[in-house]
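Examining the three-dimensional arrangement
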Amino acid sequence: MGRVWGTDDHAGDQADEGGPEDALLRKAQRALIAAALADEEDALAAIGPDGLRGELPETRELILLLFGACSAMIASLGEGGSRPVKVQVFDEAGEEVPIDRADPPMRTAVRTLLAEVHGNTDAAADQVEIALANAAPSEVDSVVLAALHWTLRLAVECLDRDLPVPAWVESAFSD
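The structure reproduced in this document is the subject of the present report.

Here the focus is the overall build of the protein. When you go through the protein residue by residue, the secondary structure sums to 7 helices and 0 strands. Going residue by residue from the N terminus, the α and β elements of the protein occur as α-α-α-α-α-α-α. Burial status across the protein gives 42% buried among its 175 residues. Entry remark: accessible area of the protein is about 9000 Å², with carbon and sulfur atoms responsible for 48%.

On inspection of all chains with the given rule, the structure shows 7 salt bridges. Of the charged contacts, one joins Glu-58 and Lys-27 as a salt bridge, the two residues approaching to 3.9 Å between their closest N and O atoms. Highlighted residues: Glu-58 in helix 3 (residues 57-80) and Lys-27 in helix 1 (residues 20-36), separated in sequence by 31 residues. You can call Glu-58 partly exposed: its relative accessible area is 34%. What makes Lys-27 buried here is its relative accessible area of 17%. Taking the shortest distance from any N to any O, the salt bridge between Arg-53 and Asp-50 comes out at 2.7 Å. Using a relative accessible area of 2% as the deciding quantity, one classes Arg-53 as buried. Accessibility expressed as a relative area gives 66% for Asp-50, which makes it exposed. Overlapping salt bridges bring together Asp-50, Arg-53 and Asp-141 as one network.

One broad trend across soluble globular proteins is that nonpolar side chains are buried collectively. Leu-32, Phe-67, Leu-148, Trp-150 and Trp-168 are the most contacted members of the largest nonpolar core, which has 50 residues in total. At the level of elements, helix 1, helix 2 (40-47), helix 3, helix 4 (104-117), helix 5 (121-134), helix 6 (137-160) and helix 7 (167-174) are the ones that each hand at least two residues to this core. Here the element with the most residues in this core is helix 6; it accounts for 12 residues. Among residues more than four places away in sequence, those in contact with Trp-150 are Phe-67, Cys-70, Met-106, Ala-109, Val-110 and Leu-113.

Moving on to the state of the cysteines. Every disulfide links exactly two cysteines, by a covalent bond between their sulfur atoms. As enumerated under the stated definition, the model contains 0 disulfides in all. The thiol sulfur of Cys-70 is not disulfide-bonded, and the nearest other cysteine sulfur, from Cys-158, lies at 9.7 Å. Overall, Cys-70 belongs to the buried group, its relative accessible area being 0%.

Attention now goes to a negative patch on the surface. Negative charge collects at one region of the surface, where Asp-91, Glu-92, Glu-95 and Asp-103 lie side by side. Looking at the secondary structure, you find Asp-91 in the loop between helix 3 and helix 4.

Moving on: the packing of helix 6 against helix 7. Put simply, helix 6 and helix 7 touch, their axes get as near as 10 Å, and they point 85° apart. One way to sum up the angle between helix 6 and helix 7 is to call them roughly perpendicular. Across the interface between the two elements, Thr-151, Leu-152, Ala-155, Val-156 and Leu-159 from helix 6 touch Val-169, Glu-170 and Phe-173 from helix 7. Considering only residue class, the contact of helix 6 with helix 7 consists of 6 nonpolar, 1 polar and 1 charged.

Reading the values: rules and limits
Residue numbers here run from 1 along each chain, matching the order of that chain's written sequence. Where local features are concerned, this predicted model is filtered to residues with pLDDT of at least 70; where side-chain atom pairs are given and counted, the filter is 80 or more; whole-chain, interface and lining totals use all residues. Side-chain measures here rest on the full set of heavy atoms in the structure, leaving out hydrogens and waters. A run of H or I in DSSP counts as a helix once it spans at least four residues, and a run of E counts as a strand once it spans at least two, with each numbered from the N terminus. Remark: exposure states derive from per-residue accessible area (1.4 Å probe, protein chains only) relative to the maximum for the residue type, with buried under 20%, exposed over 50%, and partly exposed in between. Reported accessibility uses the Shrake-Rupley method at a 1.4 Å probe radius. Residues are deemed covered only where the shown protein chains occlude them. Only one rule defines a salt bridge in this text: a Lys or Arg side-chain nitrogen within 4 Å of an Asp or Glu carboxyl oxygen. Residue types Ala, Val, Leu, Ile, Met, Phe, Trp, Tyr and Cys, when buried and joined through side-chain atoms within 4.5 Å, form a set referred to as a nonpolar core. Contacts are assigned to residue pairs that have any heavy atoms within 4.5 Å of one another. By definition, disulfides here are pairs of cysteine sulfur atoms that lie within 2.5 Å. Each patch is assembled from residues with relative accessible area greater than 30% and no salt bridge, linking like charges that lie within 9 Å and nonpolar side chains (Val, Leu, Ile, Met, Phe, Trp, Tyr) that lie within 5 Å. The charge count includes Lys and Arg as positive and Asp and Glu as negative, but it does not include His or the ends of the chains. Charged groups are reduced to one reference atom each: NZ for lysine, CZ for arginine, CG for aspartic acid, CD for glutamic acid. Axis lines are fitted through C-alpha atoms, for helices just across the contact stretch, and the angle between N-to-C directions can take any value from 0 to 180 degrees. What sets the label is the angle itself: under 35 degrees gives roughly parallel, over 145 gives roughly antiparallel, 65 to 115 gives roughly perpendicular, and the rest give oblique. Polar here means any residue outside two lists: the nonpolar Ala, Val, Leu, Ile, Met, Phe, Trp, Tyr, Cys and Pro, and the charged Asp, Glu, Lys and Arg; Gly therefore counts as polar.

If you want it as structure tokens, here you go:
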């Protein structure tokens with residue numbers, strides 16, 4: 001399993017370093033910026049070409065990176081927030097559904113996030129591996145987009161409450 005970064009790792013200027021980890025951070029930042037601008041097509045393109053994202057090793061690492069950041073921000077919200085953090089899954093009609101009745105990509109995203117939140121990075125990696133091995137390209141895209149959107153929403157919530165946000169995530173709001 002590759003490294004998953006939390007709140008303080010790689011907080012400095014990633015552009016000066018240039019290793020594979022820094023390239024992954026820059027790719028994640030580009031995707032977050034595009035997602036923040038509501039351009040899902042560009043967000044996905046930042047990850048890799050259509051139809052091939054599930055085959056790229058960086059996709060796995062990027063998903064784990066994003067969910068690792070989500071986990072760190074959820075921990076901050078739980079300790080310093082005035083409201084509890086609740087993970088909810090909704091169907092196409094907007095009705096809340098149990099995780100096990102959600103669409104497969106959403107089940108994967110929620111299970112990966114919950115594994116990260118509970119400190120089980122191996123289970124999180126297993127969820128992503130299973131999804132990438134078995135999912136159609138559109139399902140891989142759904143997992144990636146869920147990770148991007150949740151990272152952005154949690155970052156906004158943390159920033160609004162003056163709680164820590166991973167520096168590489170926060171930089172998406174200043175670029």
